[in-house]
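Analysis of the macromolecular model
These are the residues of each chain, in order.
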Amino acid sequence: RLPVRKKATDDWIEGEIVAKRSGENGKQEFYIHYIDYNKRLDEWVDDDQLDINKIKLPQTKNSRPVSPTAMLNKVNRKRKIEDTNGYSSSHSANSDNDDPSPIVPIIPAGPPSTGSLSQNQNTYDGLTRIKNVQSIEMGRARMTPWYFSPYPQELCSLPVIYICEFCLKYLKSKNCLKRHKTKCKLFHPPGNEIYRKNNISVFEIDGRKNKNYAQNLCLIAKLFLDHKTLYYDTDPFLFYVMTEYDQQGLHMVGYFSKEKESSEDYNVACILTLPCHQKKGYGRLLIEFSYLLSQVEGKLGSPEKPL
């Protein structure tokens, strides 16, 4: 851990280094998680934004404290050895398969017992801590993701991932999206419309019958929900997608999901309102709808804990 100057505010905040890479100008860049801040604020910073004089190294029971100067001397000695052997320059020049600026996660010996990864120790993976998608364009909205989502690697290197707002298929370019629209026959989510009032509708979607749509929906949700772990096994779930109608069709504004058979009678497993539609009351409407749905089904239920 060490003080880091945040880009947006120029304030010095304590952070931890999650990964490093070589930037476009050849400088080292570091992916920083700010301590006691939400992971959505994590970002890449240059080395001149780090105060290495106040670095705090992790301590174990048998380890001796190491000063920042000693650590930097060790790094410099390693660089001199690599330059002397000619490894660094020849390796990068002769390797055709290597990424010119690979991201190297900095992973401790085991998952931490506290902090941003304490909730999922069994599936601990340093790469999932790093936001891998720069932005998505869905309809008229372009959104900056908050968290990691397992989209194909070839798409994650692009500045924008284009998503069809009706079938939720992801595409690599604007032209691909235009061609897709000429073939896509959907103007609303698949499934049954179970609610309509004014321009608001809710569709019930079976995760088994509409697997591709449900999986694409989960990929989008993972961009904005840190603790969501379901991506592909959508069969046991029902998805309730809320839409807003205009002349082009019915556009998704949010959704919630629930298990088809819940031993605990949970009525909500996951809930999301897209960032471009937040602060409009849709989240509250989704929650109220989930309780009314349980009432119609004659069940007593509550959202999963933690939601």
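Keep in mind the model is a prediction, meaning the values are calculated, not measured. (Residues numbered from 1 in each chain as written. Predicted model: local features only at pLDDT ≥ 70, side-chain atom pairs only at ≥ 80, totals over all residues. Heavy atoms only, no water.)

1. Brief notes about the pattern of salt bridges
For the structure on display, the rule yields 10 salt bridges. Its salt-bridge partner being Arg142, residue Glu137 comes within 2.6 Å of it at the nearest N-O pair. Between Glu297 and Lys258 there is a salt bridge, with its nearest N and O atoms 3.0 Å apart. One end of the pair, Glu297, is in the loop between helix H6 (282-296) and strand E16 (302-303); the other, Lys258, is in strand E13 (residues 249-259), with 39 residues separating them in the sequence. Classification of Glu297 as partly exposed rests on a relative accessible area of 36%. Residue Lys258 is classed as buried on the basis of its relative accessible area of 6%. Residues joined by salt bridges that share partners form a network here, namely Glu137, Arg142 and Lys174. (Salt bridge = Lys/Arg side-chain N within 4 Å of Asp/Glu carboxyl O. Helix = DSSP H or I, 4+ residues; strand = E, 2+ residues; numbered from the N terminus. Buried < 20%, exposed > 50% of the residue type's maximum accessible area, 1.4 Å probe, protein only.)

2. Digging into the sheet that holds strand E6 (residues 136-138)
Consider a sheet: its strands pair through backbone hydrogen bonds, and that pairing is either parallel or antiparallel. Pairing in this open sheet of 4 strands is mixed, and the strands run E7-E6-E8-E9 from one edge to the other. Both edges of this open sheet fall to strand E7 (141-143) and strand E9 (170-171), since each of them pairs with a single strand only. Relative to E7, E6 runs antiparallel, the two sharing 3 bridges. Within E7, the position partnered with Met138 by the bridge is Ala141. (Pairing = 2+ DSSP bridges.)

3. Some points on a positive patch on the surface
A surface patch of positive charge is lined by Lys169, Lys172, Arg179 and Lys183. Examined against the element boundaries, Arg179 turns out to sit in helix H4 (residues 174-183). (Patch = residues over 30% accessible without salt bridge, like charges linked within 9 Å, V, L, I, M, F, W, Y side chains within 5 Å. Areas by Shrake-Rupley, 256 points an atom, 1.4 Å probe, with all protein chains shown as cover. Lys, Arg positive; Asp, Glu negative; His and termini not counted. Charge placed at Lys NZ, Arg CZ, Asp CG, Glu CD.)

4. Some remarks on the pairing of strand E10 (residues 192-197)
For E10, the buried fraction is low: 0 of the 6 residues fall into the buried class. Taking the residues between adjacent antiparallel strands as the criterion, E10 and strand E11 (residues 200-206) are bridged by 2 residues, where Asn198 takes a positive phi near 55°.

5. Digging into the pairing of strand E1 (residues 2-5)
Of the strand pairs in this sheet, E1 and strand E2 (residues 12-22) are connected by 4 bridges, and their pairing is antiparallel. The partner of Pro3 across the bridge, within E2, is Glu14.

6. Description of H4
Burial in H4 covers these residues: Cys176, Leu177 and His180. In an axial view of H4, the angular spread of the buried residues amounts to 100°, which keeps them on one side of the axis. Residues of H4 that are exposed and point more than 90 degrees away from the buried face comprise Lys178, Lys181 and Thr182. Here the buried face of H4 lies against strand E8 (161-163) and E9. (Arc of directions from axis to C-beta. Contact = heavy atoms within 4.5 Å.)

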